[in-house]
Amino acid sequence: MALQTKKWDVVNFLNTREDVVAYLDAALEENDAAFFAKALGDVARSHGMTQIAKTAGVSRESLYKALSVDGNPEFATIIKVMSALGLHMTIESADKAA
């Protein structure tokens with residue numbers, strides 16, 4: 001008899017706003033736009049991808065493409081999705097961060 005395991009899915013652990021913010025902060029630290037877009041896709045899935053696409057004003061298919069690690073994340077789509085999720089990004093200059 002083969003051992004069956006369940007695939008771990010981060011979406012199951014994005015239950016609170018604090019969880020979401022911590023997850024996206026960690027993704028931003030990777031300094032990789034595709035990695036961040038994939039993490040944002042996880043957050044969107046946790047909130048219902050269809051509803052997020054509708055609120056963001058983009059098709060579900062383009063949302064999946066833009067928010068996957070293999071996709072081509074566009075800054076405008078990322079901003080629309082963050083707005084649909086009720087999230088806002090604060091950008092610091094490199095001088096202030098140092």
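Residues numbered from 1 in each chain as written. Predicted model: local features only at pLDDT ≥ 70, side-chain atom pairs only at ≥ 80, totals over all residues. Heavy atoms only, no water.

**Details of the packing of helix α2 (residues 33-46) against helix α5 (residues 75-84)**
Okay, so step 1: Packing of α2 against α5 brings their axes to within 11 Å, and their N-to-C directions diverge by 30°. Of the possible angle classes, the one that applies to α2 and α5 is roughly parallel. When the axes of α2 and α5 are compared, the crossing they make is left-handed. Of the residues in α5, those in contact with Phe 36, Ala 37, Leu 40 and Ala 44 of α2 are Ile 78, Val 81 and Met 82.
Okay, so step 2: Considering only residue class, the contact of α2 with α5 consists of seven nonpolar, no polar and no charged. (Axes fitted to C-alpha atoms, helices over the stretch in contact; angles between N-to-C directions. Helix = DSSP H or I, 4+ residues; strand = E, 2+ residues; numbered from the N terminus. Parallel < 35°, antiparallel > 145°, perpendicular 65-115°, else oblique. Left-handed = near helix turned anticlockwise from the far one by under 90°. Contact = heavy atoms within 4.5 Å. Nonpolar A, V, L, I, M, F, W, Y, C, P; charged D, E, K, R; others polar.)

**Examining the confidence of the model for the protein chain**
Okay, so step 1: For the protein chain, per-residue confidence averages 80 on the pLDDT scale, and 82% of positions sit at 70 or higher.
Okay, so step 2: Taken element by element, the protein chain is modelled with least confidence in helix α6 (residues 94-97), mean pLDDT 56, and with most confidence in helix α1 (residues 17-29), mean pLDDT 90. (pLDDT = per-residue confidence, 0-100.)

**Details of unusual backbone geometry**
Okay, so step 1: A positive phi angle is found at Asn 31, which is not glycine, with a value near 55°.
Okay, so step 2: Mapping Asn 31 onto the fold places it in the loop between α1 and α2.
Okay, so step 3: The exposure class assigned to Asn 31 is exposed, which follows from its relative accessible area of 72%. (Buried < 20%, exposed > 50% of the residue type's maximum accessible area, 1.4 Å probe, protein only.)

**A short note on the packing of α1 against α2**
Okay, so step 1: Interhelical geometry of α1 versus α2 gives an angle of 165° and a closest axis separation of 8 Å. Accordingly, the angle class assigned to the pair α1 and α2 is roughly antiparallel. In the packing of α1 onto α2, the handedness of the crossing is right-handed. Along its contact with α1, which presents Val 20, Tyr 23, Leu 24, Ala 27 and Leu 28, the element α2 presents Phe 35, Phe 36, Ala 39, Leu 40, Asp 42 and Val 43.

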